[in-house]
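An overview of the molecular structure
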Amino acid sequence: MIITTNIESCKLLELKKIHNRAGNITIIQNGDFLPFNVKRVYYLYDVPGGSERGGHAHKNLFQLIVAASGSFDVIIDDGNNKKTISLNRPYYGLLIVPGIWREIVNFSSGAICLVLASEKYYEKDYIRNYSNFKIFKGLIC
Ligand code: TYD
């Protein structure tokens, strides 16, 4: 099966924010506006300067990536086109649909990359080799 998603299917979403003088709350709950239900939450932290994460695609997984603290850049790639999205506010989330290669770079000191995922961890859902990704997308044989 060939997955035809492209980088335009990935959206930067402004999340609900409740503001008061003692600080802010951002809420993400199933059934609100995410196109998936959340089955898993994980976060990257203590990322050493200069490190890069990601470097893979998923076959079926939807994710919402949030810079819960600090900042980083997410490079999304559908095999034809690439785009870099900078995340630096906890009230924005980048929706990544299945079939998109992603790399996460330029972590600021103290950055926390919060990920909400549509499925539990399943290694067979990963494509970790870029050539295999292009095959998966039907771009090479
Ligand atoms: P990986 O997704 O490759 O990290 P990143 O894309 O952020 O660089 O995961 C790193 C390791 O953690 C890998 O051995 C798999 C493991 N892991 C789990 O066991 N469960 C999970 O939910 C995730 C995201 C990773």
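Residues numbered from 1 in each chain as written. Predicted model: local features only at pLDDT ≥ 70, side-chain atom pairs only at ≥ 80, totals over all residues. Heavy atoms only, no water.

**Focus on the overall build of the protein chain**
Which entries qualify depends on this criterion: Secondary structure is summarised from DSSP: a helix means a run of H or I of at least four residues, a strand means a run of E of at least two, and numbering begins at the N terminus for each. Radius of gyration means the value over C-alpha atoms here, while the globule rule gives 2.2 Å times the residue count to the 0.38 power. Only protein chains enter the accessibility calculation, which uses a 1.4 Å probe. A residue is then buried if its area is under 20% of the maximum for its type, exposed if over 50%, and partly exposed in between. By definition in these notes, contact holds between two residues if any of their heavy atoms fall within 4.5 Å.
Of the regular secondary structure elements, the protein chain holds one helix and 12 strands. Over its C-alpha atoms the protein chain spans a radius of gyration of 15 Å, differing by no more than 12% from the 14 Å that the globule rule assigns to 141 residues. Taken over the C-alpha atoms alone, the protein chain extends approximately 55 × 35 × 25 Å along its principal axes. Expressed as a percentage of its 141 residues, the buried residues of the protein chain come to 38%. Taking the contacts inside the protein chain whose residues are at least 6 apart along the sequence as the reference set, 77% of them involve residues at least 24 apart.

**Here we look at the sheet that holds strand E12 (residues 126-127)**
Put simply, the test is: In this scheme, strands are said to pair when DSSP sees at least two bridges between them.
The strand order across the open sheet built from five strands is E8-E7-E10-E5-E12, with neighbouring strands paired in antiparallel fashion. Two strands lie at the open edges of the sheet, namely strand E8 (82-87) and E12, each paired on one side alone. Summarising the sheet, strand E7 (residues 72-77) and strand E10 (residues 101-105) pair through five bridges and their orientation is antiparallel. Among the inter-strand pairings, Ile 76 is bridged to a residue of E10, identified as Arg 102.

**Description of the nonpolar core**
Formally: As used here, the term nonpolar core means buried Ala, Val, Leu, Ile, Met, Phe, Trp, Tyr and Cys residues forming a set that is joined through side-chain atoms within 4.5 Å.
One finds Leu 64, Phe 72 and Ile 76 to be the most contacted residues of the largest nonpolar core, which totals 28 residues. Mapped onto this core, the elements with two or more residues apiece are strand E6 (63-69), E7, E8, strand E9 (92-96) and strand E11 (112-117). Residue contributions to this core peak at four residues, all from E6.

**Things to note about the pairing of E9**
Across the five residues that make up E9, a large majority, four, are buried. Bridge count between E6 and E9: four bridges; the pairing is antiparallel. Considered in E9, the bridge of Leu 64 is made with Leu 95.

**With respect to the site of the ligand**
The cut-off we apply is this: Residue proximity to a molecule or strand is established when one non-hydrogen atom of the residue lies within 4 Å of it. Polar contacts here mean pairs of N or O atoms no more than 3.5 Å apart (in protein, one a potential hydrogen donor and the other a potential acceptor; neighbouring residues in sequence count only if both atoms are side-chain atoms). Side-chain classes are defined by residue name, with Ala, Val, Leu, Ile, Met, Phe, Trp, Tyr, Cys and Pro counting as nonpolar, Asp, Glu, Lys and Arg as charged, and the others, Gly among them, as polar.
Close to the ligand lie Arg 40, Tyr 42, Leu 44, Arg 53, Gly 54, His 56, Tyr 121, Tyr 126 and Arg 128, which account for all nearby residues. Take Arg 128: an N or O atom from its side chain is 2.8 Å from an oxygen atom of the ligand. For the shell around the ligand, the elements supplying multiple residues, two or more each, are strand E4 (40-44) and strand E5 (53-58). Its residues placed into classes, the shell around the ligand shows four nonpolar, two polar and three charged.

**Topic: the packing of aromatic side chains**
Applicable threshold: Aromatic contacts are taken between Phe, Tyr and Trp rings whose centres are within 6.5 Å, Trp giving its six-membered ring; a plane angle under 30 degrees counts as stacked, one over 60 as edge-to-face, and the others as tilted.
Overall, the coordinates contain eight aromatic pairs when judged by the stated rule. Aromatic side chains Tyr 43 and Tyr 45 sit 5.7 Å apart centroid to centroid with 40° between the ring planes, which places their arrangement in the tilted category. Relative to Phe 107, the ring of Phe 72 lies with its centre 5.3 Å away and its plane at 35°, an arrangement referred to as tilted. Here Phe 72 is found in strand E7, whereas its partner Phe 107 is found in the loop between E10 and E11, with 35 residues between them in sequence. Look at Phe 72 and you get buried, because its relative accessible area is 1%. Residue Phe 107 is classed as buried on the basis of its relative accessible area of 9%. Ring pairing ties together the aromatic residues Trp 101, Tyr 130 and Phe 133, which thus form one cluster.

Take it as geometry only, folks, not as evidence of what the structure does.
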